[in-house]
Amino acid sequence: MSESKRLFEEAQRVLVGGVNSPVRAAIRPYPFFVREGKGPYLITVDGNRLIDYVLGYGPLILGHAPEAVTRRIVEYVSKGWLYGAPTELEITLAKKIVNHFPSIEMVRFVNSGGEAVATAIRLARGYTGRRKILKFEGCYHGAVDSVLVKAGSAAAHFGSPSSAGVPEDVAKLTLVARYNDLDSVEKIMREEGNDVAAIIVEPIMANYGVIPPRNDFLKGLREVADRFGSLLIFDEVVTGYRLGLGGAQRYYGVKADITTLGKIIGGGFPVGAVGAREEIMSKLSPKGPVFNAGTFNGHPISMIAGLATIEVLETTNAYEIAINASRKLAEGLDDVLGRYGIDHTINWVPTMLQVFFTKGEVIDHETASRSNAKIYLNLHEELLKRGVFIAPSQFEAIFTSAAHEDSIINETLRQIEDSMKAMVLNKVN
Ligand SMILES: *Cc1c(COP(=O)(O)O)cnc(C)c1O
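Our subject in this report is the structure included herewith.

Parameters and conventions
- Residues numbered from 1 in each chain as written.
- Predicted model: local features only at pLDDT ≥ 70, side-chain atom pairs only at ≥ 80, totals over all residues.
- Heavy atoms only, no water.
- Pairing = 2+ DSSP bridges.
- Helix = DSSP H or I, 4+ residues; strand = E, 2+ residues; numbered from the N terminus.
- 1 Å grid on protein atoms, 1.4 Å probe; cavity = no way out; pocket = protein on both sides within 12 Å on 5 of 7 lines; lining within 4 Å.
- Points joined across faces, edges and corners; volume = space filled by probe spheres on them.
- Nonpolar A, V, L, I, M, F, W, Y, C, P; charged D, E, K, R; others polar.
- Phe/Tyr/Trp six-rings, centres within 6.5 Å; stacked < 30°, edge-to-face > 60°.
- Buried < 20%, exposed > 50% of the residue type's maximum accessible area, 1.4 Å probe, protein only.
- Arc of directions from axis to C-beta.
- Contact = heavy atoms within 4.5 Å.
- Axes fitted to C-alpha atoms, helices over the stretch in contact; angles between N-to-C directions.
- Parallel < 35°, antiparallel > 145°, perpendicular 65-115°, else oblique.
- Left-handed = near helix turned anticlockwise from the far one by under 90°.
- Core = buried A, V, L, I, M, F, W, Y, C linked by side-chain atoms within 4.5 Å.
- Near = heavy atom within 4 Å.
- Polar contact = N/O pair within 3.5 Å; in protein donor to acceptor, adjacent residues only side chain to side chain.
- Areas by Shrake-Rupley, 256 points an atom, 1.4 Å probe, with all protein chains shown as cover.
- Patch = residues over 30% accessible without salt bridge, like charges linked within 9 Å, V, L, I, M, F, W, Y side chains within 5 Å.
- Salt bridge = Lys/Arg side-chain N within 4 Å of Asp/Glu carboxyl O.

Here's the deal with the sheet that holds strand β1 (residues 34–38)
Okay, so step 1: Overall, mixed pairing links the four strands, which are arranged β1-β2-β3-β15 in an open sheet. Two strands lie at the open edges of the sheet, namely β1 and β15 (388–389), each paired on one side alone.
Okay, so step 2: Sheet analysis places strand β3 (residues 49–52) next to β15, joined by two bridges and oriented parallel. Across the sheet, residue Asp-52 finds its bridge partner in β15, namely Phe-389.

Written out as structure tokens, the structure is:
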């Protein structure tokens, strides 16, 4: 029996589903356990080397254990790592973020993207004195009650819980619109806008596959939010520093009122951040009445790993490599699937892509759901057998990093070709 299989059986006795975050259990035929990560590779406890396109679900834009980040962490850690008092690192990282995000003047560091979202929503409610928020079907904002909400019945605007344990009363305060559909936003806002504290959106939907905003969608949201006096929250936990320095708001030229960050800004260590202009941020404790606190907020190791990562992004050709890798992979995948006559749509943005097994364009939750998830899962499984790790769910992204050199992409494309051959053969037999 493989060591991973043995560990998975053992894990299931003491960890729910054998894992600590559900998508990790979806790997076929069972989750592999990891011994180490290096550059573009994960090495499993069975000694298999996998080219990694999951990258910790987004944070590792430089790949695993990049030298420049490792050195800074190792240097730092002998000085202790938790003081219950501030360090200069927090100022330095906050300054970087303020520089790179035109809409951000001040930052609060927390410990996860979900915490950043919960804080941003509380801040928006505290600032506006309003109760409701508007989100989009298919957007993910972390394991937070008020956004674990899906569209309710067609007649009502308010959402219904997408998780057990979220009270209806909480879900009702969340209105649900359709991504890339300004009319759906307009309709809800005309009826409820005066009680909407914030519109929260992933500027690129990255947790339902990868779905970029169409034409003027983000500009339209900016306009509607302004018209109704609601705040616009861009959840840039994934997109922050992924498309380039700054976020999707810089890439698309639309400013948010409140921005949530996470993932890359911790360099692979736990982190979240809320950023906004001073007028809004001043409502947070200790200056204002909106409470936020955390034992681990601004943790030195997360700060130093994030700083070191951003410094590499600022001073090297890391983005160029990661972006080229994603483009080349998207083009190569398109080519292979085309040659095998398989209906597909590939959505690409710099350093992220996803393939949907459907002919039509994928612009929202509904069109993404038309993808044949079985083909995707087969591809995941066949690739894994051949040393390539893509997320086990259609509704995640394929990420690239600065460690994904041309040779890695070429090897991946060969394995995609072989996987397709195997899948077509299996189907015939
Ligand atoms: C990952 C993610 C979150 C949640 O971040 P955690 O650190 O997992 O809590 C929130 N929003 C978006 C857009 C994310 O991709």
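On we go from here.
Regarding empty space enclosed by the protein
Regions of empty space are outlined by a rolling probe, equal in size to a water molecule, passed over the atoms.
Okay, so step 1: Under the counting rule described, the total for this entry stands at one cavity of 30 Å³ or more.
Okay, so step 2: Each pocket or cavity is described by its volume, and for the largest cavity that value is around 40 Å³.
Okay, so step 3: Broken down by secondary-structure element, the contributors of at least two residues to the lining of the largest cavity are α11 (318–339), α13 (373–385) and α14 (406–428).
Okay, so step 4: Across the lining of the largest cavity, the residue classes break down as seven nonpolar, one polar and no charged.

Observations regarding the packing of aromatic side chains
Okay, so step 1: With the rule as written, the count across this model stands at seven aromatic pairs.
Okay, so step 2: The interplanar angle of 65° and the centroid separation of 5.8 Å between the aromatic rings of Phe-101 and Tyr-241 together place this pair among those described as edge-to-face. With Phe-101 in the loop between α3 (88–100) and β4 (106–110) and Tyr-241 in the loop between β10 (231–235) and α8 (248–252), the pair connects residues that are 140 residues apart, well separated along the chain. As far as burial versus exposure is concerned, Phe-101 and Tyr-241 are alike and both buried.
Okay, so step 3: Between the aromatic rings of Tyr-208 and Phe-395, the centroid separation amounts to 4.2 Å while the plane-to-plane angle is 35°, which identifies the pairing as tilted. Taken together, the positions of Tyr-208 in the loop between β9 (196–201) and α7 (217–228) and Phe-395 in the loop between β15 and β16 (398–399) put the pair 187 residues apart, joining distant regions of the chain.
Okay, so step 4: When its relative accessible area of 16% is taken as the criterion, Tyr-208 is described as buried.
Okay, so step 5: Take Phe-395: its relative accessible area is 25%, and that puts it in the partly exposed class.

Quick word on helix α2 (residues 67–77)
Okay, so step 1: Buried residues of α2: Val-69, Ile-73 and Tyr-76, and no others. Seen along its axis, α2 keeps its buried residues to an arc of 70°; they face one direction. In α2, the exposed positions angled more than 90 degrees off the buried face are occupied by Glu-67 and Val-74.
Okay, so step 2: Where α2 is buried, its residues meet α3 and α10 (300–315).

Observations concerning the packing of α3 against α10
Okay, so step 1: Remark: α3 packs on α10, axes separated minimally by 9 Å, with the N-to-C direction vectors making an angle of 40°. Here α3 is positioned oblique relative to α10, judged by the angle of their axes. Judged by the sense of rotation from one axis to the other, the crossing of α3 with α10 is left-handed. Of α10, the residues touching α3 (which contributes Leu-89, Glu-90, Thr-92, Leu-93, Lys-96 and His-100) are Pro-300, Met-303, Ile-304, Gly-306, Leu-307, Ile-310, Glu-311 and Glu-314.

Re the nonpolar core
Okay, so step 1: With 36 residues, the main nonpolar core has Tyr-53, Leu-329, Phe-389, Ile-416 and Met-420 as its most contacted residues.
Okay, so step 2: Sorting the residues of this core by element identifies β2 (41–44), β3, α11, β14 (352–356), α13, β15 and α14 as the ones contributing at least two each.
Okay, so step 3: Counting 31 residues, the second largest nonpolar core, distinct from the first, contains Val-69, Ala-273, Met-303 and Ala-308.

A word on the site of the ligand
Okay, so step 1: Around the ligand sit Ser-112, Gly-113, Gly-114, Tyr-140, His-141, Gly-142, Glu-202, Asn-207, Asp-235, Val-237, Val-238 and Lys-263, and that is every residue in its neighbourhood.
Okay, so step 2: Here an oxygen atom of the ligand sits 2.7 Å away from a polar atom, N or O, in the side chain of Lys-263.
Okay, so step 3: Starting from 380 Å² of accessible surface for the ligand in isolation, the protein chains cover 81%.
Okay, so step 4: Residue composition of the shell around the ligand, by class: three nonpolar, six polar and three charged.

Brief notes about the pairing of β2
Okay, so step 1: The alternating pattern of β2 places Tyr-41 and Ile-43 and Leu-42 and Thr-44 on opposite faces, both of which are buried.
Okay, so step 2: The pairing of β1 with β2 spans four bridges and is antiparallel. Bridging from a neighbouring strand, Gly-37 pairs with Leu-42 of β2.
Okay, so step 3: Here β1 hands over to β2 after two residues, with Gly-39 in that stretch at a positive phi of 60°.
Okay, so step 4: Relative to β3, β2 is paired through three bridges, and the arrangement is antiparallel. Bridging across to β3, Tyr-41 finds its partner in Ile-51.
Okay, so step 5: Counted along the chain from β2 to the antiparallel partner β3, the turn is four residues long, and its residue Gly-47 has a positive phi close to 85°.

As for a nonpolar patch on the surface
Okay, so step 1: A cluster of nonpolar side chains, contributed by Val-77, Trp-81, Leu-82 and Phe-296, occupies part of the molecular surface with about 390 Å² of accessible area.
Okay, so step 2: Tracing the backbone shows Val-77 in helix α2.
Okay, so step 3: Take Val-77: its relative accessible area is 33%, and that puts it in the partly exposed class.

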